[in-house]
Structure formats: structure tokens, C-alpha cells
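What the coordinates show
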Amino acid sequence: MKWKMENGKWKIIFFVPVFLMGENFDELVKFINNSNVVKIYEKNIEIQKEKLTDAKAKNYGSVDVEYDYMYLFDRPVMKMNNPQPLAAQNAGSAPIYPLVYKKIHTTLNAGKKNNFVGKLTYSYPVFTGFAISDFIGIEKLNLIKSKLKLNNIKRDLKLKIAKIYAGIYALKEKTKALNEAKKALLSAKDKAVALYKEGLINKSTLDEIDAKYYEIKANIDKTKSNRNSFLNLLSYLVNKKINSIDNLPSIKLLKPNFLNRPDVKEIQNTLKIASKNINIQKSSFYPKVYFQAGIKKEATNATLNNNDYRNVDNSFVALSIKYNIFNGGSDKAKLQEAKIQKLKALIFYKDYLNRVKTDYKNDLLNLNAFKKRLISANKEVNARNSYYEYIRAKFNEGLADVTDLNDAIAKLSEAKAKRDYIKSEIFFYTLKSNIDGGNK
């Protein structure tokens, strides 16, 4: 609130503070968890947890209930053939040799058309050559792998956000430099108008200033458009509307720890999975032992308590041993394939680690190059600013051409924009070096 006299009267002026603070980089990193890409990978982890539960279930065996009804088109019977010798022709006479037999067919009912079977069975794999325990181990490793993939996705998103953040900052500072150039040009135009009215310069000088003004204004509009495009992309990545950003944060270069990177850990995990696959293939060379126990009833009524033709209760306990003697070398080939897959994964791991170290070295080269460029850029800005002040003073005295003034203003603006772009790249490559070096 402020008092001000106007036309001999005091008036109260209210000031409403407007805070236009943009999102800083640390806040944007926190928004990564809101990204739809992250949410997709979180669902992958939930899926993998269910797969692990399914794998563990095989260690407890299974209980199955079965109830069957069967209607036979023909009633089941049992046929018996009983051969009997033929009687002698005259009663009391001695039998005639050789004896002649006659087949007598006897048919007995063996069941009914309606048949019911009820069964409760428990099955348990006593020994499978350690295949089940190794399979559970693989699913545990796959769960770890899914979590590492999520961490790697977050790492990639952080790098993308940093790159976009640096780009937005550079464009924001470029807009600021262009606005300063526009302001300087308008100030020069006011002086030029005064000189023109005094007849010291011609109208073409004013036209030249106007032309440069509209050139700078168009450049400002283009820069703002590019900045807004980056802001839209940033909003998409974090799944949240971002209207502006804050300044560049201060980041220190940390000592690298490449084995701490989630993508490197993921490949290490792949090697462990490959070892488990070898063990699973070795399990085919062991016998398989299965245990089964069941309560079973077969009857001719739905309540399973009546059967006039056989025993109702057919409960059982069974032990099965299965061992493959020959399958054409298939098991041996699968084992060899699993060993080659592990060797392939090991070669890939070594190559990937070398690539990671190479990328880190290149990050440092870029970072050091930009740091050296910043020293030169700061000196250039100082020199351009000194030259601009000199030309402006000469122009105000009518001793410098408007072309020289426009050129001085433009080059000062370009020098400032270049300096701030270099600052943004130093921020990005410092962060990238830390992330590529295994630091979050």
C-alpha cells in the first residue's frame, strides 16, 4: 500500500505481490514418479510379484477335487464261457472217448448305465532335480530385474529432464538478453529522434533502427515459442503442467561408481539368471519322483454310497519315479545352449561396462571443454559490453553510425546468450557425468 498525491488529492495505491517462481530442478525430479512411463514399469513389478507367487506355489503341491458323471449307452456285462462234456448216448453206458465239450455262455451284470466318480487328490513333487527351487530363484531374480529396470527408467527420465531444463534455461536467458537489446535499441531510437529533429541525421537512420527493432522482436517471439515447446515436452515427461522453471542448481562432480548403476546391476542379474537356467537344464539328468494320495469313490448313485457290482472306496497312495534314458541328445543340447547363453551374457556385460566407462570419459571431455569455453564467453561479454558502451556514447554525440550501434547491440546480446547456453551445458554435463558414473 502506498499514498500518492494526484491532482491535489491523496490516493491509496495497493500493490498485489505476484510470485512467478518456476519449478526448480529438484522439484521436477520428484515429479518423475508421476510419469506414466514410471507407472507402467511399476505395473510390471506387480506382475512379476504374481509370477513369483505362482512359482513358489509349486513347492506346496496341489489338491484337486473331481466329480464325474457318465451315462453308458449299453449296460456293462461280464461274459463267461464254461466248457462242459456232452453226455453219453445211452444212459449208464461208458463214456465215449475222446470226450466232446460244448461251450456254455453265461452273462452277468457288471454295472449300471449311470456311473458316478468322486475324487480328492493331493499331488506333490518329491524330487525334480532341483528344477523347482531354481525356477523360483529365477523368478526372484526377475523381480529384482524389474525393479532395476524401473530405477533405470527413472535415471533416463532424469537425464531427459536435465537436458530439457538446460535448454529451457538457455532460451529463457536468451529471451532476457534479447529484451535487453530491444530496450537498448529503444533508448537509442529516442536519442536518434532527437538528433533527427535537430537535422543531425536523416530518416534512413531511424528506419535502420526500426528494422533492427522488429528483427529482435521476431527473434524474441521465436525464442519464446521454442521455450514453450520445451515446457510442453517437460510437462509430458513428468505428467504435470509446467509453466516455467527456476535457475540452474549448483551441482558438484562426484567420484564415479559404475557398478552402482541400475542398468549395470540389471546385466549382472541377467548373468545370475543364466546360471539358474543351466541348473534347470541339468535337472533333466536326474530322476523325477512324485507322490500322490487320493480319496476316491466309484458308485452308481450321485451320493457315492452304493455300488452293487464293485467296491465303492478306491482311495489310494502312489509313488511315481520317472527317469529318461534316451531322447536323442535333446537334454544335452539344451544344457549346452544354456551354457553358451551365459557366456554370451558375460561378453555383453564386459562390453557394456567398457561402453559405460567410455561414455563417462566423453562426458568429462565435454564438461571440461564447456568450462574452458565459459571463461572465454565471460571475457567476450565484458568486451562486447565495453564496446557497446563506447559506441553508444559516440552515437549519442552523433559521432557513430547506426549500423555500428545495431551491430554492437546484436553482438552483445549474442555473447550473453552464448554464455548462458554454455552455463546450461555445464549443468547438464555435470549431472550427466554423475548419473553415468553411478551416482543418482
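To keep things clear, this report deals only with the structure shown in the data block.

Conventions adopted
Residues numbered from 1 in each chain as written. Predicted model: local features only at pLDDT ≥ 70, side-chain atom pairs only at ≥ 80, totals over all residues. Heavy atoms only, no water. Pairing = 2+ DSSP bridges. Helix = DSSP H or I, 4+ residues; strand = E, 2+ residues; numbered from the N terminus. Axes fitted to C-alpha atoms, helices over the stretch in contact; angles between N-to-C directions. Salt bridge = Lys/Arg side-chain N within 4 Å of Asp/Glu carboxyl O. Buried < 20%, exposed > 50% of the residue type's maximum accessible area, 1.4 Å probe, protein only. 1 Å grid on protein atoms, 1.4 Å probe; cavity = no way out; pocket = protein on both sides within 12 Å on 5 of 7 lines; lining within 4 Å. Points joined across faces, edges and corners; volume = space filled by probe spheres on them. Nonpolar A, V, L, I, M, F, W, Y, C, P; charged D, E, K, R; others polar. Patch = residues over 30% accessible without salt bridge, like charges linked within 9 Å, V, L, I, M, F, W, Y side chains within 5 Å. Areas by Shrake-Rupley, 256 points an atom, 1.4 Å probe, with all protein chains shown as cover. Contact = heavy atoms within 4.5 Å. Polar contact = N/O pair within 3.5 Å; in protein donor to acceptor, adjacent residues only side chain to side chain.

**A look at the sheet that holds strand 3 (residues 62-71)**
- Strand order in this open sheet of four strands is 3-6-7-8, and the pairing throughout is antiparallel. Edge positions in the sheet fall to strand 3 and strand 8 (316-322), since each of these pairs with one other strand and no more. Averaged over all adjacent pairs, the angle separating strand axes in this sheet is 25 degrees, with direction ignored.
- Examined bridge by bridge, strand 6 (residues 114-127) and strand 7 (residues 288-299) share eleven bridges and lie antiparallel to one another. Of the residues in strand 7, the one forming a bridge with Phe-127 is Val-289.

**As for the pattern of salt bridges**
- Inspection of the entire model under this criterion finds 25 salt bridges.
- The closest approach of N and O atoms between Glu-180 and Lys-416, which form a salt bridge, is 2.6 Å. Note that Glu-180 is positioned in helix 3 (residues 131-197) and Lys-416 in helix 7 (residues 402-436), a separation of 236 residues in sequence.
- On the basis of relative accessibility, which here comes to 35%, the residue Glu-180 falls in the partly exposed class.
- Of the charged contacts, one joins Glu-298 and Arg-310 as a salt bridge, the two residues approaching to 3.3 Å between their closest N and O atoms. Taken as a pair, Glu-298 in strand 7 and Arg-310 in the loop between strand 7 and strand 8 lie far apart in primary sequence, twelve residues in all.
- Each of Arg-155, Asp-156, Arg-261, Asp-263, Asp-363, Lys-432 and Asp-436 takes part in a single network of salt bridges with overlapping partners.

**Describing the layout of surface pockets**
- Within this model, the largest pocket holds a volume of roughly 370 Å³.
- Lining the largest pocket are 16 residues; nearest its centre among them are Asn-151, Lys-154, Arg-155, Pro-262 and Lys-440.
- Elements with a minimum of two residues in the lining of the largest pocket: helix 3 and helix 5 (262-282).
- A per-element tally of the lining of the largest pocket places helix 3 first, with five residues.
- Residue composition of the lining of the largest pocket, grouped by class: five nonpolar, five polar and six charged.

**Notes on the pairing of strand 7**
- In this sheet, strand 8 lies alongside strand 7 in antiparallel orientation, the contact comprising seven bridges. Bridge pairing in strand 8 places Val-289 opposite Ile-321.

**Section: a nonpolar patch on the surface**
- Residues Val-63, Val-65, Leu-120, Tyr-122 and Ile-295 make up a contiguous nonpolar surface patch of about 480 Å² in total accessible area.
- For the nonpolar patch, the secondary structure elements donating two or more residues are strand 3 and strand 6.
- Considering the arrangement of structural elements, one finds Ile-295 in strand 7.

**Some remarks on the environment of Ser-283**
- Along the chain, Ser-283 falls in the loop between helix 5 and strand 7.
- Taking C-alpha positions, Ser-283 is 69 Å from Lys-416, a pair spaced 133 residues apart along the chain.
- Discounting residues that sit within four places of it in the chain, Ser-283 has contacts with Thr-128, Gly-129, Ala-131 and Lys-288.
- In terms of polar contacts, Ser-283 uses its side chain to reach the backbone carbonyl oxygen of Ile-280, at 2.4 Å.

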